[in-house]
Amino acid sequence: MAQQQARGAFIVFEGADRAGKSTQCQMLVEHLQAQGVAAELWRFPDRTTPIGKMINSYLTSQSDIDDAAVHLLFSANRWEKREELLRKLHEGTTLVVDRYAYSGVAFTAAKGLPGLDRAWCMAPDAGLPAPDAVFFLCLTVEQAAARGGYGEERYEKDEFQRKVLDQFHAMRGSSWRVVDASQSIDAIQQQLREQAAAVVARCQRGTSPVGKLWEGAQAGAGAPLSEINQ
Ligand code: Z5A
Ligand code: MG
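What counts, and where the lines are drawn
- Residues numbered from 1 in each chain as written.
- Chains lettered and ligands numbered in written order.
- Predicted model: local features only at pLDDT ≥ 70, side-chain atom pairs only at ≥ 80, totals over all residues.
- Heavy atoms only, no water.
- Salt bridge = Lys/Arg side-chain N within 4 Å of Asp/Glu carboxyl O.
- Helix = DSSP H or I, 4+ residues; strand = E, 2+ residues; numbered from the N terminus.
- Buried < 20%, exposed > 50% of the residue type's maximum accessible area, 1.4 Å probe, protein only.
- Polar contact = N/O pair within 3.5 Å; in protein donor to acceptor, adjacent residues only side chain to side chain.
- Contact = heavy atoms within 4.5 Å.
- Disulfide = S-S within 2.5 Å.
- Near = heavy atom within 4 Å.
- Areas by Shrake-Rupley, 256 points an atom, 1.4 Å probe, with all protein chains shown as cover.
- Nonpolar A, V, L, I, M, F, W, Y, C, P; charged D, E, K, R; others polar.
- Phe/Tyr/Trp six-rings, centres within 6.5 Å; stacked < 30°, edge-to-face > 60°.
- Axes fitted to C-alpha atoms, helices over the stretch in contact; angles between N-to-C directions.
- Parallel < 35°, antiparallel > 145°, perpendicular 65-115°, else oblique.
- Left-handed = near helix turned anticlockwise from the far one by under 90°.

Asker: Account for the pattern of salt bridges, with residues named and values stated.
Answerer: Under the counting rule described, the total for this entry stands at 12 salt bridges. Here Asp132 ties to Arg7 by a salt bridge, and the two come within 2.7 Å at their closest N and O atoms. With Asp132 in the loop between β4 (129–130) and β5 (133–138) and Arg7 in the segment before β1 (10–15), this residue pair connects regions lying 125 residues apart in the sequence. Here the two residues Asp132 and Arg7 agree in accessibility, since each one is buried. Residue Glu153 is joined to Arg47 by a salt bridge in which the shortest nitrogen-to-oxygen separation is 3.0 Å.

Here it is in structure tokens:
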């Protein structure tokens, strides 16, 4: 029988803009560390690399980049971190990652451009490490609007955000855990801690090798987001 190896968990946060992803990721990592779990907070895009700097310049409208080309840059920004990501997991570090390939697909596919449909958008990320769990923070555009005005970045507009949510909706799979992000910060965090503890324990048992995108990605699609994992 193949030897089982304990490893860190790969947990991704996705969700609507202003759903509280960055707030919850930070709190979860601090909680895990306080519990003695080796854990790190990562985010995509990683704006610190040369590719990430190009992406940042695009998001802040300092530069215009062709829609297909910028999509590939976002994906390349994940590929350039792949080796380090796998190394950390195999060393036993749990990674809590603020946005990943699902954001990549949702934001480009939401543009509705000829030739750039969801299948095209998914292709460049195929084969990247798949997360053990995706925590999807579910918030309507109206609820997000109540949290204050959008910032200055390129995608921060109501109508576009609605289309992004529809794209997320179509991508959810069996590893997704949907959390109602309209609750208090502490109530959400409590649920996430319970979910994360189970994922971390499973990976520590060494029985789940790291998967690959997009294998089994459509397993949970079909039911409305509000009806699953609640
Ligand atoms: N993008 C892409 O196109 N392709 C890709 O491949 C990837 C990304 C990976 C990156 O934005 C942009 O790149 C993003 C997608 C695109 N574009 N947009 N739009 P980012 O991730 O850097 O964005 P951000 O600045 O972190 O914003 P955010 O992610 O939308 O926000 P958030 O992290 O979900 O929320 P937050 O910062 O934690 O909280 C927002 C506010 O709400 C803040 O004042 C909190 O105090 C408050 N908050 C949080 N939780 C609550 C609760 N529960 N109740 C009340 N108020 C709350
Ligand atoms: Mg954020």
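There's more to say after this.
Asker: A description of the side chain of Thr49 should follow, citing residues and the corresponding values.
Answerer: Checked against the element boundaries, Thr49 lands in the loop between β2 (39–43) and α2 (50–59). The exposure class of Thr49 is buried, given its relative accessible area of 12%. At 2.6 Å, the side chain of Thr49 and the side chain of Glu80 are in polar contact. Sequence-distant contacts of Thr49, that is, excluding residues within four places in its chain, are made with Asn77 and Glu80.

Asker: Quick rundown of the state of the cysteines? Include the residues and the values.
Answerer: All chains considered together, the criterion is met by 0 disulfides. Cys203 takes part in no disulfide bond, and the closest cysteine sulfur to it belongs to Cys25, at a distance of 16 Å.

Asker: Help me get a handle on the site of ligand 1, residues and values and all.
Answerer: As a structural note, the neighbourhood of ligand 1 is formed by 29 residues, with Asp17, Lys21, Thr23, Arg78 and Arg99 the closest of them. Asp17 is positioned with one of its side-chain polar atoms (N or O) 2.5 Å from a nitrogen atom of ligand 1. At a separation of 3.2 Å, an oxygen atom of ligand 1 approaches a polar backbone atom of Ala19. In the complex, the protein chains occlude 79% of the 1,100 Å² of accessible area that ligand 1 would expose alone. Sorting the residues of the shell around ligand 1 by element identifies α1 (21–34), α3 (67–79), α5 (101–109) and α9 (185–204) as the ones contributing at least two each. Grouping the constituent residues of the shell around ligand 1 by class yields 12 nonpolar, 8 polar and 9 charged.

Asker: Pulling in residues and values, what's your account of the packing of aromatic side chains?
Answerer: Taken as a whole and judged by the stated rule, the model has 11 aromatic pairs. Aromatic side chains Phe107 and Phe160 sit 6.1 Å apart centroid to centroid with 55° between the ring planes, which places their arrangement in the tilted category. Of this pair, Phe107 sits in helix α5 while Phe160 is found in helix α8 (residues 158–171), placing the two residues 53 residues apart along the sequence. Phe160 matches Phe107 in its accessibility class, with the two residues each being buried.

Asker: Report on unusual backbone geometry, specifying residues and quantitative values.
Answerer: With an omega of 0°, the peptide bond running from Phe44 to Pro45 counts as cis. Within the fold, Pro45 resides in the loop between β2 and α2. A cis amide bond, omega -5°, links Leu213 with the succeeding residue Trp214. One can find Trp214 in the segment after β7 (211–212). Here the phi dihedral of Arg18 falls at roughly 60°; this positive angle occurs in a residue that is not glycine. With phi around 75°, Arg99 is a residue other than glycine that occupies positive phi space. Within the secondary structure, Arg99 is located in the loop between β3 (94–98) and α5.

Asker: Would you mind going over the environment of Arg202 in detail, with residue names and values included?
Answerer: Note that Arg202 resides in helix α9. Assessed through its relative accessible area of 28%, Arg202 is described here as partly exposed. A C-alpha to C-alpha distance of 8.2 Å links Arg202 and Ala9, two positions 193 residues apart in sequence. What Arg202 contacts, discounting residues up to four positions off in sequence, is Asp132, Thr207 and Ser208.

Asker: Describe the packing of α2 against α3, and please don't skip the residues or the numbers.
Answerer: Where α2 contacts α3, the two axes come as close as 9 Å, and the packing angle between them is 135°. Classified by the angle their axes make, α2 and α3 are oblique. Handedness of the crossing formed by α2 with α3: left-handed. Across from Ile51, Gly52, Met54, Ile55, Tyr58 and Leu59 in α2, the residues of α3 making contact are Asp67, Val70, Leu73, Phe74, Ala76 and Asn77. By residue class, the composition of the contact of α2 with α3 is 9 nonpolar, 2 polar and 1 charged.

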